[in-house]
Amino acid sequence: GGGMPTMAREDVERLMFFEQAREQAEQDWKKNNNDAQALTRWGGALLELAHFQQGPQAVDLINQSVQKFEMAVKVNPKLHEAYWCLGNALTSQGFLQPDGGVAQGYFDKAKEAFQVALNEDPENAVYKKALELTDKAPTLHVELQRQLAEQGAAAQAAAAGA
């Protein structure tokens, strides 16, 4: 039968791990709605799970993760990990947009989130790197769209030749 492509065993194990992490975080949050750490873990698990999906499913999971991170920073504005995660999720959202202008909006928001994280934890090398990489995101986005367009054209040419 059709359905999901077969996954490598370690991928299946990772998928199960993040699915478990998501459930656990959700349970923790239900016990205490002010648990920003639980929200951050929940969003993080959703963001990881998104990597196992394509198309609308991936977009939906990333959107959900952004919501969790935004809730987390509302609950605890000092939680820099949540801002860093939010920046990552917004960057992922940006790369899923075919339109460069729309993507740039996400990259700008991601940069703000990374900057807040760095302000809260100025010595954090990971946050510094994330902030630097955000400046490169628009260039990478253009490159990615070009590759996707070439792949699409190649696929169409192959289909036409069939």
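Cut-offs used in this document
Residues numbered from 1 in each chain as written. Predicted model: local features only at pLDDT ≥ 70, side-chain atom pairs only at ≥ 80, totals over all residues. Heavy atoms only, no water. Helix = DSSP H or I, 4+ residues; strand = E, 2+ residues; numbered from the N terminus. Buried < 20%, exposed > 50% of the residue type's maximum accessible area, 1.4 Å probe, protein only. Contact = heavy atoms within 4.5 Å. Lys, Arg positive; Asp, Glu negative; His and termini not counted. Charge placed at Lys NZ, Arg CZ, Asp CG, Glu CD. Axes fitted to C-alpha atoms, helices over the stretch in contact; angles between N-to-C directions. Parallel < 35°, antiparallel > 145°, perpendicular 65-115°, else oblique. Left-handed = near helix turned anticlockwise from the far one by under 90°. Nonpolar A, V, L, I, M, F, W, Y, C, P; charged D, E, K, R; others polar. Expected span 1.5 Å × (residues − 1). Bend = angle between axes of the 7 residues up to and from the residue. Polar contact = N/O pair within 3.5 Å; in protein donor to acceptor, adjacent residues only side chain to side chain. Salt bridge = Lys/Arg side-chain N within 4 Å of Asp/Glu carboxyl O.

**Things to note about the overall build of the protein**
Then, in step 1: Looking only at helices and strands, one finds six helices and zero strands in the protein.
Then, in step 2: Counting every position in the protein, which comprises 162 residues, the buried fraction comes to 33%.
Then, in step 3: Contacts spanning at least 24 positions in sequence make up 58% of the contacts within the protein whose residues lie at least 6 apart.
Then, in step 4: Here the protein contributes 15 positive and 22 negative side-chain charges, whose respective centroids are spaced 2 Å apart.

**Topic: the packing of helix α4 (residues 80–95) against helix α5 (residues 100–120)**
Then, in step 1: In contact at an axis separation of 8 Å, α4 and α5 are set at 165 degrees when each is read in the N-to-C sense. Our classification of the angle between α4 and α5 gives roughly antiparallel. Crossing of α4 over α5 shows left-handed handedness. Between α4 and α5, the contacting residues are His80, Tyr83, Trp84, Leu86, Gly87, Asn88, Leu90, Thr91, Gln93, Gly94 and Phe95 on the first element and Ala103, Tyr106, Phe107, Lys109, Ala110, Ala113, Phe114, Val116, Ala117 and Glu120 on the second.
Then, in step 2: By residue class, the composition of the contact of α4 with α5 is 13 nonpolar, six polar and two charged.

**Describing helix α6 (residues 125–161)**
Then, in step 1: Over its 37 residues, α6 runs 51 Å from end to end, which matches the ideal 54 Å to within 8%, given 1.5 Å per residue.
Then, in step 2: Where α6 bends most, at Lys136, the angle is about 45 degrees, and the proline Pro138 comes one to four residues later.
Then, in step 3: For α6, the set of buried residues is Tyr127, Ala130, Leu131, Thr134, Ala137 and His141.
Then, in step 4: Looking at the buried residues of α6, the elements they touch are α4 and α5.
Then, in step 5: For α6, the N-terminal capping position is held by Asn124, with its side-chain oxygen 2.9 Å away from the main-chain nitrogen of Val126.

**Notes on the pattern of salt bridges**
Then, in step 1: As enumerated under the stated definition, the model contains eleven salt bridges in all.
Then, in step 2: Among the ionic pairs, Glu13 bridges to Arg9, the shortest N-O distance being 3.0 Å. Placement of both Glu13 and Arg9 in helix α1 (residues 9–31) is noted, with a separation of four residues, approximately one turn of the helix.
Then, in step 3: The exposure class of Arg9 is exposed, given its relative accessible area of 64%.
Then, in step 4: Of the charged contacts, one joins Arg146 and Glu143 as a salt bridge, the two residues approaching to 2.6 Å between their closest N and O atoms. Of this pair, Arg146 and Glu143 both sit in helix α6, three residues apart, which is roughly one turn of the helix.
Then, in step 5: Residue classification places Arg146 among the partly exposed positions, given a relative accessible area of 40%.
Then, in step 6: One network of salt bridges, with partners in common, ties together Glu19, Arg22, Glu26 and Lys30.

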